[in-house]
Amino acid sequence: MKNLKVPALALMMAFLTTLTLTAQQDYEPSDQNLQNREWFQDAKFGLFVHWGVYSIMGGGGDQGIAEWIMERKNIPLNQYEKLPGFFYPMEYDPAKWVAMVKKAGMKYITITSKHHDGFAMFDSKVSDYNIVDATPYGKDVIGMLKEECDRQGIKLFFYHSQLDWHHPDYFPLGRTGTEIPGRTDSGNWNAYIDYMNTQLTELLTQYGEIGGIWFDGMWDKPDADWRLDETYSLIHELQPGALIGSNHHQLPFPGEDFMMFERDLPGENSMGFNNTAISDKVPLEMCETMNGSWGFNIIDENYKSVRRLVQTMVRAAGYGANFLLNTGPMPNGKIQPENVDTLMAIGSWLEAHGEAYYGTRKGPVEPQEWGVTVARDDHVYVHILDHPGGTIQLHGFNPKLESAVYLEDGSKVEVKRDKEGMILTIPAEKMKPIDTIVVLRVKS
Ligand code: FHN
């Protein structure tokens, strides 16, 4: 979110509290929805995809989030509208994308159906400003991806921006994009919400069963009536199993099925907008970039290391949160090779250590500087991420054990106990560069 200062944040929070009243108050998740929430938490790891006509500009030579270029450079509306005319991703191969996702150990994809620039990356009938009607490519990249996801057993979610810098009825304007020349100076807000609901209906009826909708952008208009009740009811009526989440940085509103944290672990607030409690009612998800941008940025080489990303993924699991790792595909339709390399390395790590990750939930010991615990059935996995070796106290956790071994080689781990809980002794030579995993089998 752009330059969000503290007073603005406070205002936004106050508004969002009143918004909960208009969300889907009487919502009872269907059985399918509850099952999907379990699936989601078991699945744990997904690919976030920010792909749009902004990708052509590759961030325009600036560091920073490239999908905001229309706003950052104040590109006049009628000039930005030329971009779709250049969008021809001739190397787009959804079969390759999905195969890559599987090799990376990911179980779902969340792709931008529409970002803040208002351009629909799917076949929309309600406006021509979409990939089929406005680009020479003329194909529904999202429909193609969905077919491949179905074929290869990957779930597909849609990121959908409620904020829209392009639509003439997105008026009064919000906090962002006010300097973009050519934006509307009048408009019918309710007509905009109708338009958004029509596009959502298209997304929920054209592609078979989807994973859910990942909303973003309400924060742009802290005083608007977003008619959330209607939108959420519509989604749950069309696909009761679809999971709804919204990146409004608040505890979930009624009608929402999961809660997300942007570029911060739950409870952290390095970004300045994750200043919220952590829900214990719905599944959690953390999203993260591989460099500093969501959309493709041609100059940003500030890539996070595999070690850092795996450790963040594992730490997120220690809070009970999924990890949604982003890539910004290039305008030719290929995934950046640097990102592919990183994903393959994470995939190899997961192949060897996935037992201690997939299907787990937050463990019995609160996340610590040294690492986290996660649990599945009678197994507790202790992930030691940042520790020189020596003793590790598991505060408040002292059950009888069947066994305590290293995941790596099955050898025994020395366990002592005191009144604080269990103490593991990990010799320095047993420490792994990314994650040293101890498997505790608890006696029932
Ligand atoms: O403004 C967007 C941004 O471009 C990106 O989509 C991220 C992803 O979480 N969300 C917004 C900022 O909060």
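Residues numbered from 1 in each chain as written. Predicted model: local features only at pLDDT ≥ 70, side-chain atom pairs only at ≥ 80, totals over all residues. Heavy atoms only, no water.

## Examining the confidence of the model for the protein
A residue-level look at the protein finds 95% of positions with pLDDT of 70 or above and a mean pLDDT of 95. Residue range residues 1–14 is modelled with pLDDT below 50. Its contacts to residues more than four positions away, or to other chains, number 21 contacts. (pLDDT = per-residue confidence, 0-100. Contact = heavy atoms within 4.5 Å.)

## Topic: the pairing of strand β2 (residues 108–114)
β2 sits mainly inside the fold: 7 of its 7 residues count as buried. Judged from the 4 bridges that link them, strand β1 (residues 45–49) and β2 form a sheet pairing that is parallel. Looking at β2, one finds that Phe-48 is bridged to Thr-110. (Buried < 20%, exposed > 50% of the residue type's maximum accessible area, 1.4 Å probe, protein only. Helix = DSSP H or I, 4+ residues; strand = E, 2+ residues; numbered from the N terminus. Pairing = 2+ DSSP bridges.)

## Structural notes on the sheet that holds strand β12 (residues 390–395)
Read from one edge to the other, the open sheet built from 3 strands follows the order β12-β15-β14, with strand pairing classed as antiparallel. Either end of the sheet is taken by a strand with one partner, and the two such strands are β12 and β14 (414–418). If you compare each strand with its neighbour and ignore which way they point, the axes differ by 25° on average. Here β14 pairs with strand β15 (residues 421–426) via 5 bridges, running antiparallel. (Axes fitted to C-alpha atoms, helices over the stretch in contact; angles between N-to-C directions.)

## Topic: the site of the ligand
The local shell around the ligand holds 15 residues, among which His-50, Glu-67, His-116, Asp-216 and Glu-262 are the closest. Glu-67 places a polar side-chain atom, nitrogen or oxygen, 2.5 Å from an oxygen atom of the ligand. One nitrogen or oxygen atom from the side chain of Tyr-159 is found 3.1 Å from an oxygen atom belonging to the ligand. Here the ligand has 330 Å² of accessible area as a free molecule, and 100% of this is covered by the chains. (Near = heavy atom within 4 Å. Polar contact = N/O pair within 3.5 Å; in protein donor to acceptor, adjacent residues only side chain to side chain. Areas by Shrake-Rupley, 256 points an atom, 1.4 Å probe, with all protein chains shown as cover.)

## Some remarks on the pairing of strand β3 (residues 155–161)
Within β3, 6 of the 7 residues are buried, leaving the element largely enclosed by the surrounding structure. As paired elements, β2 and β3 share 6 bridges and run parallel to each other. By the bridge assignment for β3, Tyr-108 is matched with Lys-155. With 5 bridges connecting them, β3 and strand β4 (residues 212–216) associate as parallel partners. For Phe-158, the partnering residue across the bridge sits in β4 and is Ile-213. As a crossover connection, the stretch from β3 through helix α8 (residues 189–205) into β4 is right-handed. (Right-handed = clockwise from strand over helix to strand, strands pointing away.)

## Considering the sheet that holds strand β13 (residues 401–406)
One key point about sheets: their strands pair by backbone hydrogen bonds, in either a parallel or an antiparallel sense. Strand order in the open sheet formed by 5 strands is β9-β10-β11-β16-β13, and the pairing between neighbours is antiparallel. Every interior strand has two partners, whereas the edge strands, β9 (361–362) and β13, have only one. Sheet topology places strand β11 (residues 379–384) next to strand β16 (residues 436–442); 6 bridges connect them, and they run antiparallel. Note on β16: the bridge partner recorded for Val-380 is Leu-440. This element, helix α10 (residues 306–318), spans β9, β10 (371–376) and β11 of the sheet and lies at about 60° to β10.

## Some details on α8
Counted at 1.5 Å a residue, the expected span for α8 with its 17 residues is 24 Å, and the 24 Å between its end C-alpha atoms agrees. Along α8, the residues classified as buried are Trp-189, Tyr-192, Ile-193, Tyr-195, Met-196, Asn-197, Gln-199, Leu-200, Glu-202, Leu-203 and Leu-204. Each element contacted by the buried residues of α8 is listed here: β2, β3, β4 and α9 (228–238). Its side-chain oxygen 3.1 Å from the backbone nitrogen of Asn-190, Asn-188 forms the N-cap of α8. (Expected span 1.5 Å × (residues − 1).)

## Quick notes on unusual backbone geometry
Cis peptide bonds are those with omega within 30 degrees of zero, and the linkage from Phe-171 to Pro-172 qualifies with -5°. Structurally, Pro-172 is set in the loop between β3 and α8. With a phi close to 50°, Arg-227 is a non-glycine residue in the positive phi region. With respect to the helices, strands and loops of the structure, Arg-227 is situated in the loop between β4 and α9.

## Comments concerning the packing of helix α5 (residues 94–103) against helix α7 (residues 141–152)
Where α5 contacts α7, the two axes come as close as 9 Å, and the packing angle between them is 45°. With respect to each other, α5 and α7 are oriented oblique. Between α5 and α7 the crossing geometry is right-handed. Together, Pro-94, Ala-95, Trp-97, Val-98, Ala-99 and Lys-102 of α5 and Met-144, Leu-145, Glu-148, Cys-149 and Gln-152 of α7 make up the contact between the two elements. For the contact of α5 with α7, a count of residues per class yields 8 nonpolar, 1 polar and 2 charged. (Parallel < 35°, antiparallel > 145°, perpendicular 65-115°, else oblique. Left-handed = near helix turned anticlockwise from the far one by under 90°. Nonpolar A, V, L, I, M, F, W, Y, C, P; charged D, E, K, R; others polar.)

## Focus: α9
Residues three or four positions apart in an α-helix share a direction because the helix packs 3.6 residues into each turn. Listing the buried residues of α9 in full gives Leu-228, Thr-231, Tyr-232, Ile-235 and His-236. Within α9, the buried residues cover an arc of 125° as seen down the axis, which keeps them to one side. (Arc of directions from axis to C-beta.)

## A short note on the packing of aromatic side chains
Two measures describe an aromatic ring pair: the distance that separates the ring centres and the angle between the ring planes. Taken as a whole and judged by the stated rule, the model has 28 aromatic pairs. With a centroid separation of 5.9 Å and an interplanar angle of 50°, the aromatic rings of Phe-40 and Phe-157 are classed as tilted. With Phe-40 in helix α2 (residues 31–43) and Phe-157 in strand β3, this residue pair connects regions lying 117 residues apart in the sequence. Residue Phe-40 is classed as buried on the basis of its relative accessible area of 0%. With a centroid separation of 4.9 Å and 50° between ring planes, the pair formed by Phe-48 and Trp-214 is classed as tilted. (Phe/Tyr/Trp six-rings, centres within 6.5 Å; stacked < 30°, edge-to-face > 60°.)

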